[in-house]
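So the chains spell out like this:
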Amino acid sequence: MTSAWGEGHADYGAGLRPGERRIAPYAASAVASRGREFPEPECPTRSPFQRDRDRILHSAPFRRLTYKTQVFVFHEGDHYRTRLTHSLEVAQIARTIARQLCLDEDLAEALALAHDLGHSPFGHAGERGLDRAMAEHGGFDHNAQSLRVVTRLERKYRGFDGLNLTWESLEGLAKHNGPVSDPQHPVAKAAAELAQWRALDVHTHASAEAQAAALADDIAYVNHDIDDALRAGLLAIGDFGDAPLVGPMAAQIAVLPGVSELARDIYEMTRRTITLMIADCVAESRRRLAALAPATPDDIRLAGGSVVAFSARMAADTAALKAFLLARVYRHGKVMAVMTRAERIVEDLFARYLGEPAMLPEDWQRAAAGLDERQRARLVSDFVAGMTDRLAIAEHRRLFVTTPDLR
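Here's what I pulled together on the structure shown here. (Residues numbered from 1 in each chain as written. Predicted model: local features only at pLDDT ≥ 70, side-chain atom pairs only at ≥ 80, totals over all residues. Heavy atoms only, no water.)

## Some words on the layout of surface pockets
- Each pocket or cavity is described by its volume, and for the largest pocket that value is around 920 Å³.
- If you trace the largest pocket, you find 42 residues lining it, with H124, D217, D218, Y221 and K322 closest to the centre.
- When residues of the lining of the largest pocket are traced back to their parent elements, those giving at least two are α3 (83-100), α5 (123-133), α6 (142-153), α9 (208-231), α13 (312-330) and α14 (333-355).
- Per element, the largest residue contribution to the lining of the largest pocket is eight residues, and it comes from α9.
- Residue classes in the lining of the largest pocket are distributed as 18 nonpolar, 14 polar and ten charged.
- Of the voids in this model, the second largest pocket is the one considered here, and its volume is about 640 Å³.
- Taken together, 28 residues make up the lining of the second largest pocket; nearest its centre are L153, R155, W364, D382 and F383.
- Contributing elements (two or more residues each) for the lining of the second largest pocket: α2 (60-64), α6, α15 (362-368) and α16 (373-385).
- No other element matches the six residues that α16 contributes to the lining of the second largest pocket.
- Its residues assigned to classes, the lining of the second largest pocket shows 13 nonpolar, five polar and ten charged. (1 Å grid on protein atoms, 1.4 Å probe; cavity = no way out; pocket = protein on both sides within 12 Å on 5 of 7 lines; lining within 4 Å. Points joined across faces, edges and corners; volume = space filled by probe spheres on them. Helix = DSSP H or I, 4+ residues; strand = E, 2+ residues; numbered from the N terminus. Nonpolar A, V, L, I, M, F, W, Y, C, P; charged D, E, K, R; others polar.)

Here it is as structure tokens:
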């Protein structure tokens, strides 16, 4: 090692003490960033990636995540997660992974906070409804919508639309689910619509920071959906039995000393599982980094595979756990009934606004004037996608005689 910041560093974070920070040569560099579309003076107190994080935090779409569904609609209880609390939890896990791998923590955090900005009301149910409604107009994908939010739809600066984020942040959002090889994929189309400066090379892998944020998303939602499902009574701890990861944890906590209460047991089980998954990710990623020996951030992008990843065993266990949740939680009769009605609300709103633009707010009516049908459909999709759960319900009640009950 030739400096405290990791040049020549070869152990990829092994042995880091709590609170200690190093930056590796393969980390995304705020100093060598590819910059912003609209040049701005540098901030004297924050790096470019810190500014990206702060712009995301202070944006209206981020605030609206407070009232957007994770699994349970916002009004079902104050203890269930929303897209906002989920994003904060992803950010915490992403920073933990990034620090252990000597990555830029601020970029990893910014991407974690921004990854769900494009989500419609009612979570994946709303996304399904909008995708069906937009089937003849290019479809709807929440990752592609996140790009639209940060490059076009947020309008608060005098000199430009969007948040004018760095190239690295835009790249990480576009590749949240990995490389995109299909040019007809909504993310590829959204990226192609950007100015040439923002060509995001969607066919390659993302930075290590973006990979860390994506894996943190998986860790957070798997464990916290379990937490919410247990609190909602859709599952009992005993239901996990032979389920991977969580089943053994449930058996361990059953014999722990101390007070046994459902809330304590749930927390003990999920926190241990999160710790196990993070530790596996860090160990496997260090192994892959040592084998690759990347010298630059582009070595990560061109590696031909993910560098920040689970071990094969953990990846298989996580996939099995997701399948368990799909069958037992996401397709639970109570959840499906609510989400089917939520899809109808979204589709109803889209059809009404598209057919009667006068039902849109005045500024959106002005924006729709003179557009062809495809362009107007995308504008209506942008409007509906930006709604919170409660606004979508209120608008449906305003525009229709009856509104589905989401309880």
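From this point, the narrative continues.
## Overview of α16
- With 13 residues, α16 extends 18 Å between its outermost C-alpha atoms, agreeing within 8% with the 18 Å of an ideal straight helix rising 1.5 Å per residue.
- Where α16 is concerned, the buried positions are A377, R378, L379, V380, S381, D382, F383, V384 and A385.
- Near the N-terminus of α16, the side chain that reaches the backbone nitrogen of R374, with its oxygen 3.2 Å away, is that of D372. (Expected span 1.5 Å × (residues − 1). Buried < 20%, exposed > 50% of the residue type's maximum accessible area, 1.4 Å probe, protein only. Polar contact = N/O pair within 3.5 Å; in protein donor to acceptor, adjacent residues only side chain to side chain.)

## Observations regarding the state of the cysteines
- All chains considered together, the criterion is met by zero disulfides.
- In this structure C281 is a free cysteine whose sulfur lies 14 Å from that of C102, the closest cysteine sulfur available. (Disulfide = S-S within 2.5 Å.)

## Some points on α13
- Taking 1.5 Å of rise per residue, the 19 residues of α13 would be expected to cover 27 Å, and the 25 Å separating its terminal C-alpha atoms lies within 8% of that figure.
- Of all the positions in α13, only M314, D317, T318, L321, F324, L325 and V329 are classed as buried. Seen from one end, α13 has its buried residues packed into an arc of 120°, which puts them on one side. α13 presents A312 and A327 as exposed residues on the side facing more than 90 degrees away from its buried surface.
- Where α13 is buried, its residues touch α9, α10 (246-254), α11 (262-292) and α14. (Arc of directions from axis to C-beta. Contact = heavy atoms within 4.5 Å.)

## Description of the packing of aromatic side chains
- Evaluated as defined, the whole model comprises five aromatic pairs.
- Judged by centre distance (5.1 Å) and plane angle (55°), the rings of W364 and F383 are tilted. Here F383 lies in helix α16 and W364 lies in helix α15, a separation of 19 residues in the sequence.
- Overall, F383 belongs to the buried group, its relative accessible area being 11%. (Phe/Tyr/Trp six-rings, centres within 6.5 Å; stacked < 30°, edge-to-face > 60°.)

## What to know about the side chain of H137
- Tracing the sequence through the fold places H137 in the loop between α5 and α6.
- We classify H137 as buried; its relative accessible area is 10%.
- Among residues more than four places away in sequence, those in contact with H137 are E373, R374, A377 and R378.

## Things to note about the environment of T403
- Within the fold, T403 resides in the segment after α17 (389-399).
- The spacing of T403 and A342 is 61 residues in sequence and 9.8 Å in space, taken between C-alpha atoms.
- Ignoring anything within four residues of it in the chain, the contact list for T403 reads I345, I393, H396 and R397.
- A distance of 3.4 Å separates a polar side-chain atom of T403 from the backbone nitrogen of R397.

## Topic: the pattern of salt bridges
- A full pass over the atoms with the stated rule returns 38 salt bridges.
- Measuring nitrogen to oxygen at the nearest pair gives 3.6 Å for the salt bridge that ties R51 to E40. You can see R51 sitting in helix α1 (residues 48-57) and its partner E40 sitting in the segment before α1, a full eleven residues away along the chain.
- Residue classification places E40 among the partly exposed positions, given a relative accessible area of 23%. (Salt bridge = Lys/Arg side-chain N within 4 Å of Asp/Glu carboxyl O.)

By themselves, these observations are geometric and do not establish any function.
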